[in-house]
Amino acid sequence: MHICHSCDTEYDNQQEQCPSCDAIKVNTESTNSMVAVHAITVELEIDNSKSKVTPRFGSIWPLEGEDVSFQFIQQIELKFKRKNKFHGYYDSDTGTQVASSLHKYIASSILEKDFITLVTSLTNELKDAIFELKVASKVVSSKIVFMHYKSTENDDFGRLLAVMVDKKSGFDFTEELLLPKQAQHINLEALKQAVSIDVDLFDACYPNSPESEAYLKFIRGSSSASYFRLAFGCKEKSDNGESLNNLYKAIDSYTTINNLGEDFYFEAEEKLTDFVVNIKNSDKSSFSIDQAATVIESALPKHRKEMENTFSTFVNESEFMINQYIEPTAQQVNEHLWIDFSDQDNGLIARVHSTLEIGKKGEGKDVEFNESTRKLEIKVKDPKVRERIMRMIDKES
């Protein structure tokens, strides 16, 4: 038996449409783990001299008996898993009609005509964004693949995908119908832009924000076409690395303004670093400001209970440039595992990795601090580093 995505009516698997609302049954009889429900290519033809944008809609991709759509999905899924991306969601301030169009599509029978209606609405958003940013004279013609696809293993609605591609990204189309040409290997390494929307998660929480993982994911590829981001409501305050750095700066400011003391500051920093490292080592790709706030506030002194549930508000009201969802790279995370020892007189004194053991003079640790002489001693194990130090000493002598 099959359960209709639209009205929850249960009906026989042999039927192609729901007997109650005519919603099309998503075909999951595939040896692949993901299957395309609908797909179409739209070419935005740009006349720079006239600042004119004309969308050209291709034919709906034939999905039966072919493997191109699965290759495309496979490459995109891999790209979104590996590549640093923006995470977000829609609210009343997003400034786009994407959410409204998605709701209409979810409530439809998801027939080809419903998908084309959705794609037409999204294409209009792209056109409006081009003219809103006044870049019609600068934008080049481009092809955008719109696809609704889902898992063959789970009973879900799936994801909506929009990807700006060209021949250089290893994907080519027929001239008239804009159908994908058969290819032994699809390489999207140089894709221009891509947005992925988890429709089930969107439907479950909109207009509220998701509690953890965001349903809107965006990859800024080889193109700097900001109209694409604007059209899909991908508003970045800053990149992920800057967002992470500003989160640490926010702890410093939050501590000083609220007179929380050094114990809170250092413990909150350590807790945040441990949290970020654990996120990076898990199967999760990002974390939210609210999640980080919970970790940071766990370091609050017991007598400062009034400060609970205030960090997120502090960040927003102080206008720190921090994205709502942050996905730092491994390098950006590793950067915060280094501790800088510096003061106003000497600047940077030493940079020590947090994994090194630090102790007082005579404790036999890799790094030791002599309280009486106020000197920091670091055990140098690498012979090349020791040689460089000696050469510097000899040169000074």
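Just above sits the structure.
Here the structure is a predicted model, which is why all the values come from computation and not from measurement. (Residues numbered from 1 in each chain as written. Predicted model: local features only at pLDDT ≥ 70, side-chain atom pairs only at ≥ 80, totals over all residues. Heavy atoms only, no water.)

Asks: So what exactly am I meant to see when it comes to the overall build of the protein chain here?
Replies: Along the backbone of the protein chain there are 11 helices and 16 strands. Counting across all 397 residues of the protein chain, residues that qualify as buried make up 44%. Put simply, 64% of the contacts in the protein chain that link residues at least 6 apart link residues at least 24 apart. Here the protein chain displays about 22300 Å² of accessible surface, and carbon together with sulfur accounts for 46% of that area. (Helix = DSSP H or I, 4+ residues; strand = E, 2+ residues; numbered from the N terminus. Buried < 20%, exposed > 50% of the residue type's maximum accessible area, 1.4 Å probe, protein only. Contact = heavy atoms within 4.5 Å. Areas by Shrake-Rupley, 256 points an atom, 1.4 Å probe, with all protein chains shown as cover.)

Asks: I tried to follow a nonpolar patch on the surface on my own but got confused; where do I start?
Replies: Taken together, the side chains of Val-385, Ile-389, Met-390 and Ile-393 make up a nonpolar region of the molecular surface, amounting to roughly 320 Å² of accessible area. Looking at the element boundaries, Ile-393 is found in helix α11 (residues 383–396). By relative accessible area, which is 42% here, Ile-393 ends up partly exposed. (Patch = residues over 30% accessible without salt bridge, like charges linked within 9 Å, V, L, I, M, F, W, Y side chains within 5 Å. Salt bridge = Lys/Arg side-chain N within 4 Å of Asp/Glu carboxyl O.)

Asks: What's the story with the pattern of salt bridges in this structure? I'm lost.
Replies: Where side chains of opposite charge bring their charged atoms close, a pairing between them can arise. Under the definition given, this model contains 14 salt bridges. A salt bridge links Arg-56 to Glu-45; the shortest N-O distance between them is 3.2 Å. Of this pair, Arg-56 sits in strand β4 (residues 52–57) while Glu-45 is found in strand β3 (residues 34–47), placing the two residues 11 residues apart along the sequence. Since its relative accessible area comes to 33%, Glu-45 is described here as partly exposed. Close ionic contact of Asp-156 with Lys-150 constitutes a salt bridge, the shortest N to O distance being 3.4 Å. Judged by its relative accessible area of 3%, Lys-150 falls in the buried class. Several salt bridges converge on common partners, so that one network encompasses Glu-43, Glu-45, Arg-56 and Lys-143.

Asks: Help me understand the environment of Tyr-90, please; the structure alone is not making it clear to me.
Replies: Its place among the elements puts Tyr-90 in the loop between β5 (86–88) and α2 (98–106). Exposure remark for Tyr-90: the relative accessible area of 1% places this residue in the buried category. As a C-alpha pair, Tyr-90 and Phe-232 span 142 residues in sequence and 9.3 Å in three-dimensional space. Ignoring sequence-local partners within four residues, the contact set of Tyr-90 consists of Thr-96, Val-98, Ala-99, Leu-102, Ile-197, Phe-202, Tyr-206, Pro-207, Tyr-215, Leu-216, Phe-232 and Gly-233. Only 2.8 Å separates the side chain of Tyr-90 from the backbone oxygen of Phe-232, close enough to count as a polar contact. (Polar contact = N/O pair within 3.5 Å; in protein donor to acceptor, adjacent residues only side chain to side chain.)

Asks: Could you clarify how one ought to interpret the side chain of Thr-273 in this entry?
Replies: With respect to the helices and strands, Thr-273 occurs in helix α7 (residues 261–281). Of note is the side chain of Thr-273, whose polar atom sits 2.7 Å from the side chain of Tyr-248. Non-local contacts of Thr-273, meaning those with residues more than four positions away in its chain, are made with Tyr-248, His-336 and Leu-337.

Asks: Can you help me understand the nonpolar core in this one?
Replies: Nonpolar side chains in soluble globular proteins generally cluster together in the buried interior. By size, the foremost hydrophobic cluster in this structure holds 46 residues, and its most contacted members are Tyr-90, Phe-146, Ile-197 and Phe-232. With 7 residues, the top contributor of residues to this core is helix α3 (residues 112–132). Not counting residues within four places of it along the chain, the set of residues in contact with Phe-146 comprises His-38, Ala-39, Ile-40, Val-42, Phe-115, Val-119, Leu-122, Thr-123, Leu-126, Leu-161, Ala-162 and Phe-232. The next biggest cluster of nonpolar side chains, apart from the first, holds 30 residues, and it includes Leu-244, Ala-292, Ile-296 and Val-315. (Core = buried A, V, L, I, M, F, W, Y, C linked by side-chain atoms within 4.5 Å.)

Asks: Before we go on, may I ask you to explain the packing of aromatic side chains in this structure?
Replies: Applying the stated criterion across every chain, the model contains 15 aromatic pairs. For the ring pair Tyr-90 and Phe-202, a centre distance of 6.4 Å and an interplane angle of 85 degrees mean the geometry is edge-to-face. One end of the pair, Tyr-90, is in the loop between β5 and α2; the other, Phe-202, is in helix α4 (residues 199–205), and 112 residues separate them in sequence. Judged by its relative accessible area of 0%, Phe-202 falls in the buried class. On the basis of an interplanar angle of 85 degrees and a centroid distance of 5.1 Å, the ring pair of Tyr-254 and Phe-311 is categorised as edge-to-face. (Phe/Tyr/Trp six-rings, centres within 6.5 Å; stacked < 30°, edge-to-face > 60°.)

Asks: Even after reading the chapter, I still don't get the sheet that holds strand β16 (residues 375–378), so can you show me in this structure?
Replies: Pairing in this open sheet of 3 strands is mixed, and the strands run β14-β15-β16 from one edge to the other. Strands at the two margins of the open sheet, each flanked by one partner only, are β14 (358–360) and β16. Along the sheet, successive strands turn relative to each other by an average axial angle of 25 degrees, direction set aside. As paired elements, strand β15 (residues 367–370) and β16 share 4 bridges and run antiparallel to each other. In the strand pairing of β16, Asn-370 is matched with Lys-375. (Pairing = 2+ DSSP bridges. Axes fitted to C-alpha atoms, helices over the stretch in contact; angles between N-to-C directions.)

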